[in-house]
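Each chain, written out:
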Amino acid sequence: MTEYKPQQLDKKWQQRWTADRAFEVEPDPSRPKFYCLEMFAYPSGHAHVGHVRNYIIGDIMARTKRMRGFNVLHPFGWDAFGLPAENAAIKSGTHPERSTLDNIAHMKGQLQRLGISYAWDREIATCLPEYYKFNQWIFLKMFERGLAYRKRSTVNWCASCNTVLANEQVVDGACWRCGTVVTTRDLEQWFFRITAYADELLNDLDGLTEWPEKVAVMQRNWIGRSVGARITFPVAGSRQSVEIFTTRIDTIFGATFVLLAPDHPIVGTFAALSPDPEAFRAQVAAFRALGREARLTGAIEKEGFDTGRKAVNPFTHEEVPIWIANFVLAEYGTGAIMAVPAHDQRDFEFARKYNLPIRIVVRAGDDEATVDEMQEATTNYGRLVASGPYTGQQAPGVLTAMTADAEAARIGKREVQYRLKDWGISRQRYWGTPIPIIYCEKHGAVAVPYGHLPVELPMVATFTGRGDSPLAQVSDFVNTVCPTCGGPARRETDTMDTFVDSSWYYLRFCDPANAALPFDPERAAYWMPVDFYSGGVEHAILHLLYSRFFTRVLRDVGLVGFGEPFKRLLTQGMVLKNGAVMSKSRGNVVDPDDMLARYGADALRLYVMFVAPPEKEVEWSDAGLDGSFRFLVRVWRLVDYWSGALRGERLPVVAAEYSDVERALRRKTHDTIRRVTTDIEERMHLNTAVSSLMELVNEMYAFGEVTPLGLPSRGDASDGRGVRPATIAVAREAIEGLVLMLSPFAPHTAEELWQMLGHQTGLTKAAWPIFDPDVARAEEVVVPVQINGKVRARLTVPAGLSDDELRERTLAEAAVKHHIEGKTIRKVVVAKGPLVSVVVS
RNA sequence: GCGGAAGUGGCGGAACGGCAGACGCGCUAGCCUCAGGAGCUAGUUGGAGCAAUCCAGUGGGGGUUCAAAUCCCCCCUUCCGCACCA
C-alpha cells in the first residue's frame, strides 16, 4: 500500500509541469481556441484564500478545456501600479518598484504552489516600461482622435490620497480606497471621451447573454441614458437665458418656477447684479455646502432661495421666479430645471415649503383632485389639461409634438442626456504611467512622438505624499524640448489612473513581448475574445466598462475587429471568515500556504470548489477541508489497491459478458461523465461536479464489496489474476474516468494516480472521457406513481414501455389498488420521466 | 424610493414543472483497533407507530396545473447595486 503524501506530490508534479512547459501555447488554427482569464492581481503582498478561489475556478475551466481538445490560453499578470505601494514608500522609504517586485515574487510562488496552470511565459506587470509604453501609445492614439483631451473642471479630490478621483471611484461621497470624504477642486485634467461610446456601450449590453444580468443592469444604470428636451427660458429684463433639460415637456404648462443648481454659471451674474452681492454669495456658498452634506448623509431637506429674477416660460410666455435649490445637480443636464410641482414630487415638496404656485396640467385616469387636496405630485402620464393648444393630447405623442414645435420655434431641441461622464485620468501621484504630453509656450500641448516612447518614470528617491505631483520636483524629467519646434518645454507631470493599465491587459497577453505594438492584430484575432472571464463583482462598473470602451477604441484604431472583449463573465463570491470579508486589518485572513502545509494543494482546491457554487459567498471552514482531504484519501486507497489489477493487459470484452452489477457501474460511470462535463462547461456548478465524483467513488466501493477486486480494507490487493476480464474492464473504465475528471480539481493527486495506473504520458496531454448514451441508458426504470399528487407507489419496469402498458401495469399494482379502491378514476397521465399520475375521487 | 438576487434539515448546499433534502460537514449508535484529528456499518426534516406505513413540510397568503421549492399575483425578510439624474 502506498501512502498518500500530498505535499510531495505537489512538488513533484509542479516541477514536471514547469520542466515540460506544459501550459505554454501558441496560436494553432487547426484546433479550437479557448481563452480563460481571471482578473489579474494587485500585488498587495499575500494572496489569501478569497483571492485564490477565483484562480482555482479559472483553473478548473482551463484544465477541463485542455482535456476537451481546446488550445487553451490561460495567462496571469500583475496590476502593479497604484497607491498602496507609493503610500508604503512614504512610510518605509522603500521604493515602490522594490516592494512591488518583491510582492509579485511572493504571490507568484503562492499560485505556483497551488498548481494553477498558468502560461507563465506570458506573465506581465503593468509597472514595467515595456508594458506602460503602450498605455502611452494608446493615449496618443486617443489624443489624435480627440478621445483624450484636456479641460479645466471641478473634480473629485481625496485629501488623504492627495489625488483626483474619477466619478466611478467616489463611493457614497467618499474615496473608494481610503474612505476619506471627497472634496472638489478646479484643475486642468486629462479626460478620455468615454461618452462618445455611451450609446454603443449601452445598446451592446443586450448582446452580452453570458454575463450575469446584475452586471449588465449596473452598467445600464451607470450610463443612465434619458431622452428629453433642452428648452431655453429667457431671463426677464436681460439678454441672458437659462437652459433647462426635461424628460417631461408635456408638463411645461405647469412649470411655475425655475430652479438653478448653486454651481450654475449664471448664478455669479445674478449675484453681482443683486442689491446685496455679498449676502447673495454667502447664501449660495451655504447651499453648495448643504447640497454636498445632503448627498453624503442621505438627509434630504430641500432648501432654496429666490434670486429675485424671473424667467419667461417659452410655451406660456408667463414670467416665473428663478430660485436656487440645493438639490439641483450642476453636473447633470444643464444644471437648471423647470419646476412642475403638480407632477414632480421634489418640486411639489419645494413648492409647498416656500408657498410657490402649483398648477395641474396632466390628468391620469379619473383623478379630479384639486391643488389644495393634493398630498403628493401625480407623476403618471395622462391627458393634458390647461395646456393651451395641447390640451386633450396624450403622451407619448404629445412629447414628440411639443419637442418638434420647440425646435421649429427655435426655443429648444430634442436631447439625450447621460449620467455617464468622461473619464478623468490625471492623477497627481508618482507610481503610475507618465502622460506622454509636452507643453510648449508656442505649440501648447504636444504629443510625445511615438519613437520617443516610453516616457519612462524616473526613479524618485524620496516621497513625501505632500504637495503636487511628485514628478514636478524632478527637473531632469520636467524640462525637455518641444517635439515640434525644439524650444524649451515642460512635460506633463501627472500620471495615469491605474484603471488605464487594466483596460487592455487581456489583449497584451495575446502577444506580451511585442515591442512595436501593444499586440499583434493577428494574434489577438486568434485568441480574442476572452471566452471565460472571472473576477469580483466589485469591478462590475469600473474595470468592465472601461475595458469595453478601450476595446472599441482599439477597434476604431484598427487593431481588433470586435468591440466586446469578454464573452462569458463569472462574478465569483467572496470567502468570509467569521462572517466578514478577509482582510489584514480584521486579522481574519486564511493564508493558503498554511493549508498547503497541512493538506496539500488538492484538498484545498477541492474544498473551495465543493463548498458552494462559484458565484456564492462562502464562509471558510476548516472542518470542510478535512472532508475534502478524506475524500482524496478514499480515492487514493481505492485506485492504489486496484491499480495492480487494472495495469494489466486490456482484453477485449463484448457487451453480453457484463453482469448486472457491472452494467450498473458502467451506467454510473457514463452518467457521471455527462453530469460532470455539463456542470463544468455549461452550468459552472463546480460544487455538484465534485459531488457527482463522490457518488461515483461511493459506487465503486460498493462494487468492490461484491467483486473479487475487493476493497483496501479487505487485505491484499488483487493482481487481477482469476478476475473476469469484464470486471476488470468495467472497473478500469470507472477508475480512469474518475482520475481524468478529478484532475482539474486535484491535478497533483490525479497525475500520480494516472501514473500508478500504468500511463506513461501525463494528464496534461490526456483526453477527457467520452459520454456514451447507449451505455448510460438504463434497461430497467423505477416509475413513481402519484395518486392525487402524492407518490404512493413505485413500479420497476423494463425501459421503453409504451404509455398504455405503463397505465395497465400501474392499475394492476397492489399498492395502487389499495389507494384507488372504491373510488372513481378520473384521469391517468403518463409523463416523461417516466412517471404516472392517477387522479381519483 | 428605484433596480437586481435570494429565502429549502443542526450547517454548506442538491433538485432548470415530475420521487424534496443528492453530496459533504456535524451529530448518534455499533464494530474494529499497532488509540488516530484513522477506518468500517447503520441512522439523522418534524410528528404518530414495534412495523409496513401514514400525516405535515421548501419565508407567509392566494392562484395556474394531473403534478409547484421551481410558473403567476400579493405580502414579509435578508443581501447587493443605484439613489434628489429633472
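Structure: see above.
Residues numbered from 1 in each chain as written. Chains lettered and ligands numbered in written order. Predicted model: local features only at pLDDT ≥ 70, side-chain atom pairs only at ≥ 80, totals over all residues. Heavy atoms only, no water.

J.: Describe in detail the protein's contact with RNA strand B, supporting the description with residues and values.
T.: Near RNA strand B there are 51 residues, and of these Thr246, Thr247, Arg346, Arg794 and Ser837 occur at the shortest range. The protein-proximal atoms of RNA strand B, defined as those within 4 Å of the protein, are 62% sugar or phosphate. One of the backbone N or O atoms of Leu329 is found 2.8 Å from a base nitrogen in RNA strand B. Contacts to RNA strand B include Arg630, whose side-chain N or O atom sits 2.9 Å from a phosphate oxygen. Looking at the surface near RNA strand B element by element, the count peaks at 6 residues for helix 21 (residues 686-706). (Near = heavy atom within 4 Å. Polar contact = N/O pair within 3.5 Å; in protein donor to acceptor, adjacent residues only side chain to side chain. Helix = DSSP H or I, 4+ residues; strand = E, 2+ residues; numbered from the N terminus.)

J.: Before we move on, can you summarise unusual backbone geometry with the specific residues and values?
T.: A cis amide bond links Leu453 with the next residue in sequence, Pro454, at an omega value of 0 degrees. Within the secondary structure, Pro454 is located in the loop between strand 22 (444-447) and helix 12 (475-478). The phi dihedral of Asn162 is positive, around 60 degrees, even though this residue is not glycine. With respect to the secondary-structure elements, Asn162 resides in the loop between strand 5 (148-158) and strand 6 (163-165). The backbone phi angle of Arg410 is positive, close to 55 degrees, even though this residue is not glycine.

J.: Which residues make up the sheet that holds strand 6, and what are the values?
T.: Reading across from one edge, 6-5-9-19 is the order of the 4 strands in this open sheet, with antiparallel pairing throughout. Among the strands making up the open sheet, the edge pair consists of strand 6 and strand 19 (423-424). Where strand 5 lies against strand 6, 3 bridges are found, and the strand directions are antiparallel. Looking across to strand 6, one finds that Trp157 is bridged to Val164. (Pairing = 2+ DSSP bridges.)

J.: Which residues make up helix 4 (residues 96-113), and what values do they have?
T.: Along its 18 residues, helix 4 runs 26 Å from first to last C-alpha, staying within 8% of the 26 Å computed at 1.5 Å per residue. Residues Pro96, Ser99, Thr100, Ile104, Met107, Gly109, Gln110 and Leu111 constitute the buried set of helix 4. Residues of helix 4 that are buried in the fold lie against helix 2 (49-67), strand 3 (77-78), helix 3 (83-92), strand 4 (124-125) and helix 17 (592-599). Looking at the residues trailing helix 4, positive phi occurs at Gly115, about 75 degrees. (Expected span 1.5 Å × (residues − 1). Buried < 20%, exposed > 50% of the residue type's maximum accessible area, 1.4 Å probe, protein only. Contact = heavy atoms within 4.5 Å.)

J.: Talk me through the pattern of salt bridges; I want residue IDs and the actual numbers.
T.: Taken as a whole, this structure holds 50 salt bridges when the rule is applied. With a closest N to O distance of 3.0 Å, Asp59 and Arg63 form a salt bridge. Of the two residues, Asp59 and Arg63 both sit in helix 2, 4 residues apart, roughly one turn of that helix. When its relative accessible area of 0% is taken as the criterion, Asp59 is described as buried. Among the residues examined, Arg63 registers a relative accessible area of 7% and is labelled buried. Bridged by salt links that share partners, the residues Glu200, Asp204, Arg548, Arg552, Arg555, Asp556 and Glu564 form one connected network. (Salt bridge = Lys/Arg side-chain N within 4 Å of Asp/Glu carboxyl O.)

J.: Talk me through the state of the cysteines; I want residue IDs and the actual numbers.
T.: The full count for this structure, using the stated rule, is 0 disulfides. Cys36 takes part in no disulfide bond, and the closest cysteine sulfur to it belongs to Cys510, at a distance of 13 Å. You can call Cys36 buried: its relative accessible area is 0%. (Disulfide = S-S within 2.5 Å.)

J.: Go over the nonpolar core, please, and point to the residues and values.
T.: Counting 191 residues, the largest nonpolar core has Trp423 and Trp620 as its most contacted members. Of all the elements, helix 22 (residues 725-742) adds the most residues to this core, at 12 residues. If we ignore the near neighbours within four places in the chain, the residues touching Trp423 are Ala166, Trp190, Phe191, Phe192, Ile194, Asp497, Phe499, Val500, Ser503, Tyr546, Phe549 and Phe550. (Core = buried A, V, L, I, M, F, W, Y, C linked by side-chain atoms within 4.5 Å.)

J.: How would you sum up the pairing of strand 21 (residues 437-440)? Please name residues and give values.
T.: Bridge analysis of strand 21 against strand 22 gives 4 bridges, and the strand direction is antiparallel. Pairing of Cys440 across the sheet is with Gly444, part of strand 22. In this antiparallel pair of consecutive strands, strand 21 and strand 22, the connection spans 3 residues. As defined by bridge partners, strand 21 adjoins strand 24 (residues 488-491) across 3 bridges and the pair is classed as antiparallel. Counterpart to Cys440 in the pairing with strand 24 is Ala489.

J.: Which residues make up the pairing of strand 1 (residues 33-38), and what are the values?
T.: Residues in a regular strand project their side chains so that they alternate between the two faces of the sheet. Among the 6 residues in strand 1, 6 count as buried, and that is most of the element. Handedness of the crossover is the feature at issue here: the chain leaves strand 1, passes through helix 2, returns alongside strand 2 (residues 71-73), and the resulting connection is right-handed. With 3 bridges joining them, strand 1 and strand 26 (residues 532-535) adopt parallel strand pairing. Counterpart to Glu38 in the pairing with strand 26 is Ser534. (Right-handed = clockwise from strand over helix to strand, strands pointing away.)

Purely geometric stuff here, so don't read any function into it on its own.
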